[in-house]
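# What the coordinates show
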Amino acid sequence: MTEKYANIMCESNSFKSKGIEILRIEDLHKRKESVEKPHLIDFYLFVFYTEGESEHFIDFSWNKVKRGTLVYLTEGQINAFKFNESLKGYIILFTKDYLNKQLNKIPKEAFVCLFTPNLFPSTFIIPESTKTINYVDFLFEEYANHIGDPSQEYIIDSLYAIIFSKIEQLKKHNILYPSESNKLSLFLKFEHLLEEEYQISRNADYYAKKLNITYQYLNQLCKEIVNQSTKQFIDSFVILEAKRRLINSDIKSSELAYAMGFEESTNFVKYFKKHTTFTPNQFKKQHI
C-alpha cells in the first residue's frame, strides 16, 4: 500500500478550491474506489449513516454503524468503509484550512471535543429528535446545486457551522467531560508534547519534567482523563503511530524502527509484538 490512498477522496477540483466536499455514501459506493481498504486520511471527515447497517473501520478496529450513527475522523487516522446495497448517508470532507476558517463561528471547545481521538470515541448516535440530519440534507442540496454565487457559499459555510455546533452540543451530553478545564488543558499539552517528541523518549518522567509537574501528578491526570497510566498512554500512542505508518507506506520495519526512535530494530520488533502479539511484518500482511 502506498501513499496514494491518503488522497483517494480528495482529488476533485471542487474539494481543492473550496476545502469542503459533500458526497452521498451510495454514490461513493458506485465509484468502485479502494476506500474499502484501510487508508490514512489527510483531511477531516464526517460520515452520517441514514439507512442500513454495516461496519466502519477506524484505527484498526471495526465499529458497527446503523441509521443515526455519526463517524468523525481527523487527519492522520486510518479509515475504511464496508459498503452494501442498503447503506445510505452522507460524507462531509473538509480540509484543516477550511476548518480554521470556520473556527470563529464554532465554539472553541468543539474542536477539542470532536477531533481528539485519544480522548473521545469517533462514533456516536445522533437522536432523530435533534433534526441534525435535516441540516445535512440542506447542506448537500446547496452544495450539489452550487453555481459559484458568493451568497450560496455563505449558506454552505453557515450550514456547516450549524451542523458542527449541533454535533458538539450532542456529544457534550453523550460523553463524560473532564470536570476541570485546567486538567484537560494540561493533558492536551502533554499529548501535543508526546506527538512532537515520542521519537526522543517514551519515558513518563521525561514528559513530567518537560511539563514541570511530578510523575505522580501526570500519572493521576492520565488515569482521570483517559483511564490509562502515563506509560500505557505513551505505549498506545507509539503503537498506533507505528501501525498507521506500516499500512500506509512501503516502509520496512527496520526503517520504521529508527523513524520511531528505536536504536535497534530488534528492540522495536519486540516492543511491537509485546503490545500487539504480531511482528510488524505480520501486522502489515494482515491488513494489506
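Whatever comes next refers back to the structure up there.
A few points on the structure. (Residues numbered from 1 in each chain as written. Predicted model: local features only at pLDDT ≥ 70, side-chain atom pairs only at ≥ 80, totals over all residues. Heavy atoms only, no water.)

### Some remarks on the packing of helix α10 (residues 230–247) against helix α13 (residues 280–287)
Interaxial distance between α10 and α13 falls to 9 Å at its minimum, and their mutual angle equals 60°. Taken together, the axes of α10 and α13 are oblique relative to one another. The handedness of the crossing between α10 and α13 is right-handed. Of the residues in α13, those in contact with Lys-243, Leu-246 and Ile-247 of α10 are Pro-280, Phe-283, Lys-284 and His-287. For the contact of α10 with α13, the per-class residue count stands at 4 nonpolar, 1 polar and 2 charged. (Axes fitted to C-alpha atoms, helices over the stretch in contact; angles between N-to-C directions. Helix = DSSP H or I, 4+ residues; strand = E, 2+ residues; numbered from the N terminus. Parallel < 35°, antiparallel > 145°, perpendicular 65-115°, else oblique. Left-handed = near helix turned anticlockwise from the far one by under 90°. Contact = heavy atoms within 4.5 Å. Nonpolar A, V, L, I, M, F, W, Y, C, P; charged D, E, K, R; others polar.)

### Observations concerning the sheet that holds strand β7 (residues 78–81)
Spatial strand order, β2-β7-β4-β5: 4 strands in an open sheet with antiparallel pairing. Both edges of this open sheet fall to β2 (39–40) and β5 (61–65), since each of them pairs with a single strand only. In this sheet, β7 lies alongside β2 in antiparallel orientation, the contact comprising 2 bridges. In the sheet register, His-39 faces β7, and the bridge partner there is Asn-79. (Pairing = 2+ DSSP bridges.)

### A few points about the packing of aromatic side chains
Summed over all chains, the structure comprises 24 aromatic pairs. Here the aromatic rings of Tyr-198 and Phe-237 are separated by 5.5 Å at their centres, their planes lie at 70°, and the arrangement is edge-to-face. Placement of Tyr-198 in the loop between α7 (181–197) and α8 (204–210) and of Phe-237 in helix α10 is noted, with a sequence separation of 39 residues between them. Classification of Tyr-198 as buried rests on a relative accessible area of 3%. A residue is classified by how much of its surface remains accessible, and Phe-237, at 11% relative accessible area, is buried. One aromatic cluster is present, formed by Phe-57, Phe-60, Trp-62, Phe-262, Phe-268, Tyr-271, Phe-272 and Phe-283 through successive ring pairs. (Phe/Tyr/Trp six-rings, centres within 6.5 Å; stacked < 30°, edge-to-face > 60°. Buried < 20%, exposed > 50% of the residue type's maximum accessible area, 1.4 Å probe, protein only.)

### Brief notes about the pattern of salt bridges
Think of it this way: side chains of opposite charge can pair up when their charged atoms draw near. Scanning all chains against the criterion turns up 11 salt bridges. Residue Glu-55 pairs with Lys-82 through a salt bridge whose shortest N-O separation is 2.7 Å. Of the two residues, Glu-55 sits in strand β4 (residues 54–58) while Lys-82 sits in the loop between β7 and β8 (88–94), which places them 27 residues apart along the sequence. For Lys-82, a relative accessible area of 34% corresponds to the partly exposed category. Here Lys-183 and Glu-224 are joined by a salt bridge, their closest N and O atoms 3.0 Å apart. Taken together, the residues span a long stretch of sequence, with Lys-183 in helix α7 and Glu-224 in helix α9 (residues 215–226) at a distance of 41 residues. For Lys-183, a relative accessible area of 12% puts it in the buried group. One salt-bridge network, held together by shared partners, links Glu-51, Arg-67 and Glu-128. (Salt bridge = Lys/Arg side-chain N within 4 Å of Asp/Glu carboxyl O.)

### Brief notes about the nonpolar core
If you look at soluble globular proteins, the nonpolar side chains tend to sit buried side by side. Formed by 41 residues in total, the largest nonpolar core has its most connected members in Phe-187, Phe-190, Tyr-207, Leu-218, Met-260 and Phe-268. Elements represented by at least two residues in this core include exactly β7, α7, α8, α9, α10, α11 (253–259) and α12 (265–276). The element contributing the most residues to this core is α10, with 9 residues. Membership of the second largest hydrophobic core comes to 25 residues, among which are Tyr-90, Phe-124, Leu-159 and Ile-167. (Core = buried A, V, L, I, M, F, W, Y, C linked by side-chain atoms within 4.5 Å.)

### Considering the sheet that holds strand β1 (residues 20–24)
With antiparallel pairing, 5 strands are arranged side by side in an open sheet as β1-β8-β3-β6-β9. Strands with a single pairing partner mark the edges of an open sheet, and in this sheet they are β1 and β9 (123–125). Averaged over all neighbouring strand pairs, the angle between strand axes comes to 15°, with direction disregarded. As paired elements, strand β6 (residues 69–73) and β9 share 3 bridges and run antiparallel to each other.

### A word on the pairing of β7
One face of the sheet, then the other: side chains in a regular strand alternate in exactly this way. Of the two faces of β7, both are covered, the one formed by Ile-78 and Ala-80 as well as the one formed by Asn-79 and Phe-81. With 3 bridges joining them, β4 and β7 adopt antiparallel strand pairing. The residue bridging Ile-58 from the neighbouring strand is Asn-79, located in β7.

### Quick notes on α10
Here α10 contains 18 residues, and its C-alpha end-to-end distance of 26 Å stays within 8% of the 26 Å for a straight helix at 1.5 Å per residue. Taken across its 18 residues, α10 has 14 buried, putting it largely inside the fold. (Expected span 1.5 Å × (residues − 1).)

### Examining unusual backbone geometry
Despite not being glycine, Phe-60 has its phi angle at roughly 80°, a positive value. Turning to its location among the elements, Phe-60 is positioned in the loop between β4 and β5.

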